[in-house]
Amino acid sequence: MNLCNIGHSFVYELEKLIRIFLPFEKIKMLDEEQADSRFAVAGREINGNKCKLWAKLCIDGASTQRNEEISALCDDFEKLCERRLAVLLFECFVELTSYKPEWGILTGVRPAKLYSRLSTALGYTKAQEYFSDELKVSQNKISLCEDSVEGEEKIISLSKPQSFSLYISVPFCPTRCSYCSFISHSVDSAKKLIPQYVELLCKELTVTAQIAKKCGLQLETVYIGGGTPTTLSAEQLETVMATVSESFDLSALREYTVEAGRPDTITTEKLIAIKNGGATRISINPQTMVDSVLENIGRKHTSLQTVNAFQLARQLGFDNINMDLIAGLPGDSFEGFCYTLDEVLKLNPESVTVHSLSMKRASSLSTGGMFPELEAGLQAEKMVNYARNALGQNGIVPYYMYRQSKTVGNLENVGYAKKGFECLYNVYIMDETHTILACGASAVTKLREPLGDYIERIFNFKYPYEYISHFDEMLARKDGIALFYEKYGKVY
């Protein structure tokens, strides 16, 4: 698609707007109108105190246009122009595609955080009006924002200036799922790396604990994620978790999560190791309970294995279990997703996280038509709305939300939980509430100024072989933690 921008420089926002509707379209930027089978024009003309805005869209022989005039003397003129041009182009797309995304022109990662900020500044009524009138967000998503803000704010209030969370990366999986965008390696291809990886991970944890103590930090939550941490053996899990308990002060710990993840990696011995290691919360993630869809996405387990793994965890005393689902998986249907959710509810988990598929490419979608991404978006929209209603009826309500680029239908990822079973770490990492010290391959430490909003990042090497071969270089980067707190204020 050609995008012609006339009289302004709002290229980035308008490109993001187009990608709501056509996420895989190649967009060519122009400074003059040039007709093509698919092209858009976004223009601005200022004449004295008046400003004319217009948007034009042509898609495969169909075309439409929107115009608007605003005052050139209004407050935040440039931001207003940018937003209104996005709205005009959005309305053009809605007309030609007959598809109206529920999030309107919003493309940000944390819509609930924006809603919270507006509510604090303007009050809830004005915040609702702004989301609806200016951003074209549906009442359904405004309501979701309100519920998420309520849950997030309660958790955020628990954090103190000296608080931090610990993230531990285990980037190995039994197989790589077709939709996955995380750094992970199949066990078959990386098995020989695992023993040394675990050894060095424990060394990094020990050093990180020493730095945290020196900086006067207080550990609030631990999260072992991946990948699939339960690809490690029971003995390796014991080693990692023992290092955590021996190295860190856990006296103020509120939560300890381990992603058990794939049901086909869960054994009695591993669950016992996790429980004895101090975990208070685990995830068993089916993604879907439809076996044919599991096969489509490259998972080698069945829905029955998910049920068996969940029941085994219950028998061993786990009383806080999360289950992850994905709306919009290739080959899934609305009826299939409803079946999945109903089967999960029979297990009675304490929390359910509903993700929207992050699309890699249009060819991965199973729907047809002129706009396959939009058809898939409509179906996924029905899925997530069903999930919210069904979970709510069972006392499992939203407590945090975030979004990713190129998700099917421009939709969201939502954490739902029974009261008292919310995952604190999920909120802290997405809100950037406090410092996250991260260990392992692809882990990113996020340092937050104790009494401010400044964030600084320290990156580990992405891949396990890099992590191992450059370990000393990577470990030296940890010195940046102490330097950060020396600069921005120690908290002890």
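All values reported here derive from a predicted model rather than from experimental measurement.

Novice: Go over the environment of Lys 28, please, and point to the residues and values.
Specialist: Structurally, the position occupied by Lys 28 is in strand E2 (residues 28-30). Residue classification places Lys 28 among the partly exposed positions, given a relative accessible area of 47%. For the pair Lys 28 and Cys 4, spaced 24 residues apart in the sequence, the C-alpha separation amounts to 8.4 Å. Not counting residues within four places of it along the chain, the set of residues in contact with Lys 28 comprises Met 1, Asn 2 and Leu 3.

Novice: I'd love a proper account of the sheet that holds strand E5 (residues 62-71), names of residues and values included.
Specialist: Strand order in the open sheet formed by five strands is E2-E1-E3-E4-E5, and the pairing between neighbours is mixed. In this open sheet, the two strands that pair with only one neighbour each are E2 and E5. Within the sheet, the average angular offset between the axes of one strand and its neighbour, ignoring direction, is 15°. Sheet strands touched by helix H1 (residues 11-21): strand E1 (2-6), E2 and strand E3 (38-47). Its angle to E1, the strand with the most contacts, is close to 145°.

Novice: Run through the side chain of Asn 322, naming residues and quoting values.
Specialist: Tracing the backbone shows Asn 322 in strand E12 (residues 321-327). A distance of 2.8 Å separates a polar atom in the side chain of Asn 322 from a polar atom in the side chain of Asp 324. A polar contact of 3.1 Å, which involves the side chain of Asn 322, links it to the side chain of Thr 353. If we ignore the near neighbours within four places in the chain, the residues touching Asn 322 are Arg 281, Ile 282, Ser 283, Ile 284, Asn 285, Ser 351, Val 352 and Thr 353.

Novice: Kindly report on the confidence of the model for the protein chain, identifying the contributing residues and their values.
Specialist: Summary statistics for the protein chain give a mean pLDDT of 92 and a share of 94% for residues scoring 70 or more. Note that residues 361-368 has pLDDT below 50 and, in this model, 13 contacts with residues that lie over four places away or in other chains.

Here is what the cut-offs are and how they apply
Residues numbered from 1 in each chain as written. Predicted model: local features only at pLDDT ≥ 70, side-chain atom pairs only at ≥ 80, totals over all residues. Heavy atoms only, no water. Helix = DSSP H or I, 4+ residues; strand = E, 2+ residues; numbered from the N terminus. Buried < 20%, exposed > 50% of the residue type's maximum accessible area, 1.4 Å probe, protein only. Contact = heavy atoms within 4.5 Å. Pairing = 2+ DSSP bridges. Axes fitted to C-alpha atoms, helices over the stretch in contact; angles between N-to-C directions. Polar contact = N/O pair within 3.5 Å; in protein donor to acceptor, adjacent residues only side chain to side chain. pLDDT = per-residue confidence, 0-100.

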